[in-house]
Amino acid sequence: MATAGSVDDGKSTLIGRLLLDSKAVLSDQLEHVEQASRRRGTGMVDLSLLVDGLRAEREQGITIDVAYRYFATSRRTFIIADTPGHVQYTRNMVTGASTADLAVILVDARKGVLEQSKRHAYIATLLGIPHLVLAVNKMDLVGFDEEVFDAIVCEFSDFARGLSVKDVAYVPVSAKHGDNVVARSESMPWYGGVALLEQLESVQVADDRNLSDARFPVQWVIRDHEGDYRGYAGQVASGVLRPGDEVLVLPSRALTRIDRIETFDGPVEQAFAPMSVTLVLAEDVDVSRGDIICHPDDAPELSREVEATVCWMTSEPLRAGGRYALKHATHAARAIVQEVVDRVDVHTLARDPHADELALNDIGRVRLRTSKPLAFDPYARNRATGAFILIDEASNDTVGAGMIL
Amino acid sequence: MNRRLTHLQVLESEAIHVMREVAAELSRPVLLFSGGKDSVVLLRIAEKAFRPGRFPFGLMHVDTGHNFPEVIAFRDRRVAELDERLIVASVQESIDTGRVKEESGPRASRNRLQTRTLLDAIERHGFDAAFGGARRDEERARAKERIFSFRDDFGGWDPKNQRPELWNVYNGRIHRGESVRVFPLSNWTELDVWEYIAEEGLEVPAMYFAHERDVFSRDGMLYAVSEHVELIDGETSFRASVRYRTVGDMSCTGAVESTARDLASVVAEIAATRVTERGETRADDRVSEAAMEDRKVAGYF
């Protein structure tokens, strides 16, 4: 799961509270936070110090980059990505959210739904995170008032109607004092729902995987010492593959059959996402890294033209004519920007069709032409074969996150 | 048919994927193997990623010269069993050739000196990627680090300006002289590592299990009595049943009192512990609030 929301909404404090009250903070970590809080002269223990681990973060009292924390309850194992709220660190928020199954969006009860909360909610749904929890924080500072909570729920659900998200839950909390974080709060008897932790434990995420379209991006060709063994290693991106299946290799369109599916622990009867396996094919066809193996009756699109929503992550704007290195699954190509189609106003979700560039932290639709054909699916159907990154060829920095339409 | 993977299977598959991406995208990777439990797991992941082929990289150990002898023996045996190649980068040699200066006094440690030896070895061999067994649950600066951790041509980490890392699409592009440190076990916890070792039946150095040893107490930790550590006035040695949670230098790695003599009891002990492994056994992290971050900025693992 990833946290998101604006600066000072209390994301790091909420995670600190969640870890502390579910007994996931060990004694030396707590002792360290107590000492550090005393040094900073904060009256209470500052729980955000449990996650804000960098020197600069502690100096400034902000989150700069994602912190990953791990905890388990009797029902579920969690990886938490605590992401920064500042607009300038949006790319780090995108990093943390890109691998999440669920996003907790925080809102300060006193401030209502700010632009940055909307931006993060929009990015979370754009990244295909199917479950959102809106945590209305600092309820203690508004007298645990039901009307304040209702007004924010109303405002956010209005906004969320424009998002493609299948599941939104709302929880009023006080991260600082622990209300409705791990246990139900006595200060808000009017709230009929569950505490945040129980919400996180009960969300169904296993059904979010795509088990219907078989996609196997080839990562690496394994050969033995003698050179008479050749296996295609990779991680199943989606769907299910079995020995004996007819398969199509893209982009060459070679047809063959899976002879067997191997792992270090022996052969398997089926391979599904996210298993890492090695396919041994029946015939000697040309297959190399970057190719995608699929079923012939359910192939991805193969094209040198793609249209995608792009989150732009560098100060030099993206414009028509720009050239970048592109990485899609395990496939490397070059791409040239044909056109900036539009730019999204994250406050209103309105699209500006006259936009001709995407600046830092902008999100918009872009048409690209690639040096080699890509075998892709729409991101909404398949995260693994619908995503790509754009890389600046001079600096080698990752500058764009693309989601194919 | 059941299409659920266990939590450990998901972590294992992610780690295999990371290793293969590095092998495919970088031209001269190396795997840092110390003989410690995390790097034992890394080697198993490498077998799972590349067998029946050979590893597309060599193994390297930065040997401080103050390592536990039984760990060095284990290291060499494991490398021989795998029939792979090991490079030993020696801190002693860096001292002898004047690249670094040995610290003095009873609290002297070669922990910091390793960084120079590591960076020199990376440069000498032209490595552009180094796999490490570090995990994000170990320490607060590590909790912030990417799986592909980009290092400049001084080997330094810039924590305020890390590359975005989207999905599992890793960007391995670098300029000549730069490198990446890659952490395939980023998302594993200490308990995951032990459960995996138990499930896979992996051998680890015997000092991870409870044994009798001569130790002395310093700063709330138990250190082994050895030629590499001087006792300070008032410190006395005694015999105790201990085990190690981490394996580093004899000068900065502490033992914990324990009676866990087999894998099942170690797993049970870790599941119930109330102290982190580095907090309990590593003096090198206690230097300051940002001790790990500062070392990483300078090029540490």
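Per chain, the residues get numbers from 1 upward, laid out in the order the sequence is written. Here every chain gets a letter starting at A, and every ligand a number starting at 1, in the order they are written. For a predicted model such as this one, the threshold for reporting local features is a pLDDT of at least 70, and the threshold for listing and counting side-chain atom pairs is 80 or more; totals across whole chains, interfaces and linings nevertheless cover every residue.

Considering the overall build of chain B
Helix and strand assignments follow DSSP, with helices taken as H or I runs no shorter than four residues and strands as E runs no shorter than two, numbered in order from the N terminus. Regarding its fold elements, chain B presents nine helices and ten strands. For 301 residues, the compact-globule estimate of 2.2 N^0.38 gives 19 Å, and chain B sits close to it at 19 Å. In this description, a residue-residue contact is defined by the distance between C-beta atoms placed from the backbone, which must lie within 7 Å. In chain B, 76% of the contacts between residues at least 6 apart in sequence involve partners at least 24 apart. Radius of gyration means the value over C-alpha atoms here, while the globule rule gives 2.2 Å times the residue count to the 0.38 power.

A short note on the domain arrangement of chain A
Where interface size is given, it is often the accessible area lost as the parts come together that is meant. Residues and elements named next belong to chain A. Boundaries of every domain are those given by an automatic assignment or by a domain database. On domain assignment, one finds that chain A holds domain 1 (2-208), domain 2 (215-294) and domain 3 (301-404). Computed from C-alpha coordinates alone, the two centres of domain 2 and domain 3 are separated by 29 Å. Contact with domain 2, which involves twelve residues of that partner, is made by ten residues of domain 3. A class-by-class count of the residues in the side of domain 2 that touches domain 3 yields six nonpolar, four polar and two charged. Basically, the charged four are Asp, Glu, Lys and Arg, the nonpolar ten are Ala, Val, Leu, Ile, Met, Phe, Trp, Tyr, Cys and Pro, and anything else, Gly included, counts as polar.

Things to note about the domain arrangement of chain B
Residues and elements named next belong to chain B. Partitioning chain B into structural domains gives domain 1 (7-192 + 289-297) and domain 2 (205-285). Computed over C-alpha atoms only, the centres of domain 1 and domain 2 are separated by 23 Å. Counting from both sides, the interface comprises 22 residues of domain 1 and, opposite them, 19 residues of domain 2. Elements with a contribution of two residues or more to the side of domain 1 that touches domain 2: helix H3 (69-82), helix H6 (190-200) and helix H9 (291-297). Residue contributions to the side of domain 1 that touches domain 2 peak at three residues, all from H3. Among the residues forming the side of domain 1 that touches domain 2, the class breakdown is eight nonpolar, eight polar and six charged.

A look at the packing of helix H4 (residues 90-97) of chain A against helix H5 (residues 115-126) of chain A
Residue and element names in this part refer to chain A. Interaxial distance between H4 and H5 falls to 10 Å at its minimum, and their mutual angle equals 40°. Regarding the angle of H4 to H5, the classification is oblique. Seen along the crossing, H4 lies across H5 with a hand that is right-handed. Touching Met 93, Val 94 and Ala 97 of H4 are His 120, Ile 123 and Ala 124, all from H5. In terms of residue class, the contact of H4 with H5 is built from five nonpolar, one polar and no charged. To define axes, lines are fitted to C-alpha atoms, for helices over the stretch in contact only, and angles between the resulting N-to-C directions are given on a 0 to 180 degree scale. The cut-offs work like this: below 35 degrees is roughly parallel, past 145 is roughly antiparallel, 65 to 115 is roughly perpendicular, and the gaps in between are oblique. Left-handed describes a crossing whose near helix is turned anticlockwise from the far helix by less than a right angle; the clockwise case is right-handed.

Things to note about the interface of chain B and chain A
With 48 residues of chain B at the interface, the matching set in chain A holds 52 residues. For the side of chain B that touches chain A, the secondary structure elements donating two or more residues are helix H1 (7-25), helix H2 (37-50) and helix H8 (277-281) of chain B. Of all the elements, H1 of chain B adds the most residues to the side of chain B that touches chain A, at nine residues. Within the side of chain B that touches chain A, the residues separate by chemical class into 18 nonpolar, eleven polar and 19 charged.

A few points about unusual backbone geometry
All names here are of chain A. The peptide bond linking Leu 250 to Pro 251 adopts the cis configuration, its omega dihedral lying at 10°. On the secondary structure map, Pro 251 appears in the loop between strand E11 (246-250) and strand E12 (254-263). Of the consecutive residues Ala 273 and Pro 274, the connecting peptide bond is found in the cis state with omega at -5°. Relative to the elements of secondary structure, Pro 274 occurs in the loop between strand E14 (271-272) and strand E15 (276-281). The phi dihedral of Asn 180 falls on the positive side, at around 60°, and the residue is not glycine. In this model, Asn 361 sits at a positive phi of 70°, which is unusual for a non-glycine residue. You can see Asn 361 is positioned in the loop between strand E22 (357-358) and strand E23 (363-376).

As for the nonpolar core
Residues enter a nonpolar core if they are buried, belong to Ala, Val, Leu, Ile, Met, Phe, Trp, Tyr or Cys, and are joined to the set through C-beta atoms within 7 Å. Note on burial: count the other C-beta atoms lying within 10 Å of the residue's C-beta; 20 or more is buried, 12 or fewer is exposed, in between is partly exposed, and C-beta positions come from the backbone. Formed by 190 residues in total, the largest nonpolar core has its most connected members in Ala 97, Ala 103 and Ala 135 of chain A together with Met 19 of chain B. With eight residues, the top contributor of residues to this core is H2 of chain B. For Ala 97 of chain A, the residues in contact, after removing those within four places along its chain, are Ala 2, Ala 4, Thr 83, Ala 103, Ile 123, Ala 124, Leu 127 and Ile 129 of chain A.

Focus on the sheet that holds strand E5 (residues 148-151) of chain B
Residue and element names in this part refer to chain B. Note on pairing: DSSP must find at least two bridges between two strands before they are called paired. With respect to topology, six strands assemble into an open sheet ordered E3-E2-E1-E4-E6-E5, the strand pairing being mixed. Looking at the sheet topology across the chains shown, the edges are occupied by strand E3 (86-90) and E5. Going across the sheet, the axis of each strand differs from the next one's by a mean of 30°, ignoring polarity. Two strands pair when backbone bridges link them, and E5 and strand E6 (residues 179-182) are joined in this way by four bridges, in the antiparallel orientation. Directly across from Phe 150, in E6, lies its bridge partner Val 180.

Quick notes on the environment of Gln 60 of chain A
Residues and elements named next belong to chain A. Mapping Gln 60 onto the fold places it in helix H3 (residues 55-60). In this structure Gln 60 comes out as exposed when scored by C-beta crowding, with 12 C-beta atoms within 10 Å. Along the primary structure Gln 60 and Met 139 are separated by 79 residues, whereas in three dimensions their C-alpha atoms are 25 Å apart.

Remarks on the confidence of the model for chain B
Of the residues in chain B, 99% have a pLDDT of 70 or more, and the chain-wide mean is 91. ipTM for the predicted complex: 0.94, alongside a pTM of 0.95. Scored between 0 and 100, pLDDT is the confidence that the predictor attaches to each residue.

Describing the environment of His 354 of chain A
With respect to the helices, strands and loops of the structure, His 354 of chain A is situated in the loop between strand E21 (351-352) and E22. Residues His 354 of chain A and Val 148 of chain A lie 206 residues apart in sequence; the distance between their C-alpha atoms is 38 Å.

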